[in-house]
Amino acid sequence: MTVYLPGDVINEPSSSDSSIIGYGISVRGQTRIATQPGAFHNDDGKVWLNVHSKRYIPQEGDRVIAIVTSKTGDFFRLDIGTAEYAMINFTNFEGATKRNRPNLKTGDIIYATVFDTTPRTEAELTCVDDEKRARGMGQLNGGFMFKVSLNHCRRLINPSCKILQTVGKFFKFEITVGMNGRIWISASTSDDIIKIHDIINKSEFITDEDELITLVQNNYTRSVSD
Amino acid sequence: MPTTRSNLSIPLTHLARIDDDRMETDSEEHKRANTAFRPLCVKCGVFGAQDGSGYAEFGNTRVLAQITGPDGDGKWEEDRAKITIELKGIEDSVKVAEYRAQLASAVSAVIFASKYPGKVIEIEITVLSDDGGVLSTALSAVTLAISHSGIENMGLMASVHVAMNSDGECLTDPSTSESEGAIGGVTFAFVPNLGQTTCVDIYGRIPLKSTSSLLEFAKQRACALVPTIHKAIVNSVRERK
């Protein structure tokens, strides 16, 4: 694992033929320069730096967890953790029509995709894909939402990450991970939710699989009142 | 007895002012080489709740920097970010104004402000104790805080305070007592990968012919500090990977 710091020129041989340049890397002429400190990653024609950050900057295609703050006309205003509020049109929900509007109230949580991030305007979200299907997006009912670093969210979403698989062996739960550093979990009991929340928070700095299993086992057996 | 809870990851006892008697003595065994820095400590990521934070300590000069943002501001509608500096812990209002201007200028030179249009980046700098070289220590703390915050920037700043004696001899990172015999000095900040100088704050009565040698010496000492700052940031990245 190579760590690059702002201003470093990225000379990885694998990065020269990659077509997609991701987070933390800027292109000046033919050279690729790091603009944020992070660990270099290269996968399937994509290069990026795994940057630790708490402040989310919206990017098109990101799936985020948003909180409804108000309704203005045909739009709902949403808090996605950015500098400004985001917007979502009521028609951007599965099965929504002029008459059949989604019943969202202030404080409701939704899972949506960022589809427009024109500079100097509010980001616009949608809860449907190109085929007008929700595909898991929409309102999240019940459960518990909490915040972690953006880096940890990206790690949890990664298919090679063993954290959620390991937790799944001990607990029965639903989880939604937003790229904006928010995680929503739902389980059969509030005790399980508290335990899963603790495991996810503590697992941020654990890379060893055995250590991870021990952490999950300890949380599984302990009483919440401890 | 009530306790004060803090998310500071440096023991608070380490931040309290400790008067270093060694610097006051004239004994040969404690005299530093002209190129040596005072005992230093730099940390990237001190607060958990802040967007970005950094801590720098050179001898008895200790500075803490915190960054909030990029945040929205209804009044600011430019096509680049607005960078605001708040300086605490210095009583002299003239010095505060000078330092704020230098810090704002240096930070604006490295941050990609155009990537955050209409946003505000607030930098709060707290001088915990001042024993000479506050501006250079503050610049180091701000560099670490910017790296921790994830705000896109062009490179890391290395800054140093150098004083010059009447016989033309340069002294790296002098304390207040060591600066007493100096005719002047400079706070110099440099971005090595860009080859760009972001801060030159010369004070005192330095002869014109000595200026270039003073700046060259300051540049060399700033470059010598780069590995230390790099190490602090790499350690913080490795902790979180």
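Everything quoted here is computed from the prediction, not taken from an experiment.

1. Details of the overall build of chain A
When you go through chain A residue by residue, the secondary structure sums to four helices and 15 strands. Partitioning the contacts of chain A with sequence separation of at least 6, the portion at a separation of at least 24 is 61%.

2. Considering the sheet that holds strand β7 (residues 170-172) of chain B
All names here are of chain B. What the four strands build is an open sheet, ordered β7-β6-β8-β9; its pairing is antiparallel. This sheet does not close on itself; its edge strands, each paired only once, are β7 and β9 (196-204). The sheet shows a mean angle of 20 degrees between the axes of neighbouring strands, direction not considered. Two elements, strand β6 (residues 158-165) and strand β8 (residues 182-191), share eight bridges in a ladder whose sense is antiparallel. Residue Ser159 lies in a different strand from β8, and its bridge partner there is Ala189. Against the sheet, helix α2 (residues 93-110) makes contact with β8 and β9, and its axis sits at roughly 165 degrees relative to β9, the strand it touches most. Of the strands in this sheet, β6, β8 and β9 touch helix α3 (residues 134-149), which is tilted by about 170 degrees from β6.

3. Quick look at the nonpolar core
Nonpolar side chains in soluble globular proteins tend to end up buried together. Counting 63 residues, the largest nonpolar core has Leu103(B), Ile121(B), Ile123(B) and Ile125(B) as the members making the most contacts within it. No other element matches the eleven residues that helix α4 (residues 208-240) of chain B contributes to this core. Residue contacts for Ile121(B): discarding those within four places in its chain leaves Ile67(B), Thr68(B), Pro70(B), Ala81(B), Lys82(B), Ile83(B), Thr84(B), Ile111(B), Tyr116(B) and Ile151(B). Judged by nonpolar contacts, the second largest core, of 26 residues, contains Ala86(A), Ile109(A), Leu125(A) and Met137(A).

4. Concerning the confidence of the model for chain B
Low pLDDT means the predicted atomic positions in that stretch should not be read closely. Residue and element names in this part refer to chain B. Per-residue confidence for chain B gives a mean pLDDT of 80; residues scoring 70 or more make up 83%. Confidence over residues 1-9 falls short of pLDDT 50; this stretch has ten contacts with residues more than four positions distant or in other chains. This stretch, residues 12-29, has a pLDDT under 50; its non-local contacts, to residues over four places away or in other chains, come to 29 contacts.

5. A look at the layout of surface pockets
Put simply, the largest pocket is a space of about 1100 Å³. Around the largest pocket, the lining is made up of 35 residues, and of these Trp48(A), Asn50(A), Arg154(A), Arg155(A) and Asn158(A) lie nearest the centre. Broken down by secondary-structure element, the contributors of at least two residues to the lining of the largest pocket are β2 (20-21), β5 (38-43), β6 (46-51), α1 (150-157) and α4 (209-221) of chain A. Element by element, the count of residues in the lining of the largest pocket is highest for α1(A), at five residues. In terms of residue class, the lining of the largest pocket is built from 17 nonpolar, eight polar and ten charged. Viewed by domain, the lining of the largest pocket spans two of them, domain 1 (3-50) and domain 3 (144-221) of chain A, each represented by three or more residues. Of the volumes computed, that of the second largest pocket is approximately 680 Å³. Taken together, 30 residues line the second largest pocket, and the ones lying closest to its centre are Ile57(A), Pro58(A), Gln59(A), Thr117(A) and Lys115(B). Split into classes, the residues belonging to the lining of the second largest pocket amount to 13 nonpolar, ten polar and seven charged. Of the residues that make up the lining of the second largest pocket, three or more belong to each of domain 1 (3-50) and domain 2 (62-140) of chain A.

6. Concerning the environment of Ile111(B)
Residues and elements named next belong to chain B. The residue Ile111 is located in the loop between α2 and β5 (119-129) in this model. It is 8.4 Å that separates the C-alpha atoms of Ile111 and Gly155, two residues lying 44 residues apart in sequence. Once residues within four sequence positions are removed from consideration, Ile111 is found in contact with Ile83, Ile121, Ile146, Ile151, Glu152, Asn153 and Met154.

7. As for the environment of Cys199(B)
Residues and elements named next belong to chain B. Locating Cys199 in the fold gives a position in strand β9. Of the residues examined, Cys199 reaches a relative accessible area of 2% and is grouped as buried. Separated by 64 residues in sequence, Cys199 and Leu135 have C-alpha atoms that sit 9.8 Å apart. With residues near it in sequence (within four places) discarded, Cys199 still touches Gln102, Ala106, Leu135, Leu139, Thr187, Phe188 and Ala189.

8. Regarding the sheet that holds strand β1 (residues 40-44) of chain B
Sheet strands line up and pair through hydrogen bonds in the backbone, either parallel or antiparallel. Residues and elements named next belong to chain B. Sheet architecture is open: five strands sit in the order β1-β2-β3-β5-β4, paired in mixed fashion. For this open sheet the edge positions go to β1 and β4 (82-88), each flanked by a neighbour on one side alone. Pairs of neighbouring strands in the sheet enclose a mean axial angle of 15 degrees, with direction left out of account. In this structure, β4 lies alongside β5, joined through seven bridges in parallel fashion. Residue pairing across strands places Glu86 opposite Glu124, the latter belonging to β5.

9. Some points on the pattern of salt bridges
Residue and element names in this part refer to chain B. Per the counting criterion, the structure on display carries six salt bridges over all chains. Arg38 is the salt-bridge partner of Asp131, the closest N and O atoms lying 3.7 Å from each other. Of this pair, Asp131 sits in the loop between β5 and α3 while Arg38 sits in the loop between α1 (12-15) and β1, placing them 93 residues apart in sequence. This pair shows no difference in class: Asp131 is buried, exactly as Arg38 is. It is possible to trace a salt-bridge network through shared partners that takes in Arg38, Asp131 and Asp173.

Definitions and limits used
Residues numbered from 1 in each chain as written. Chains lettered and ligands numbered in written order. Predicted model: local features only at pLDDT ≥ 70, side-chain atom pairs only at ≥ 80, totals over all residues. Heavy atoms only, no water. Helix = DSSP H or I, 4+ residues; strand = E, 2+ residues; numbered from the N terminus. Contact = heavy atoms within 4.5 Å. Pairing = 2+ DSSP bridges. Axes fitted to C-alpha atoms, helices over the stretch in contact; angles between N-to-C directions. Core = buried A, V, L, I, M, F, W, Y, C linked by side-chain atoms within 4.5 Å. Buried < 20%, exposed > 50% of the residue type's maximum accessible area, 1.4 Å probe, protein only. pLDDT = per-residue confidence, 0-100. 1 Å grid on protein atoms, 1.4 Å probe; cavity = no way out; pocket = protein on both sides within 12 Å on 5 of 7 lines; lining within 4 Å. Points joined across faces, edges and corners; volume = space filled by probe spheres on them. Nonpolar A, V, L, I, M, F, W, Y, C, P; charged D, E, K, R; others polar. Domains from an automatic or database assignment. Salt bridge = Lys/Arg side-chain N within 4 Å of Asp/Glu carboxyl O.

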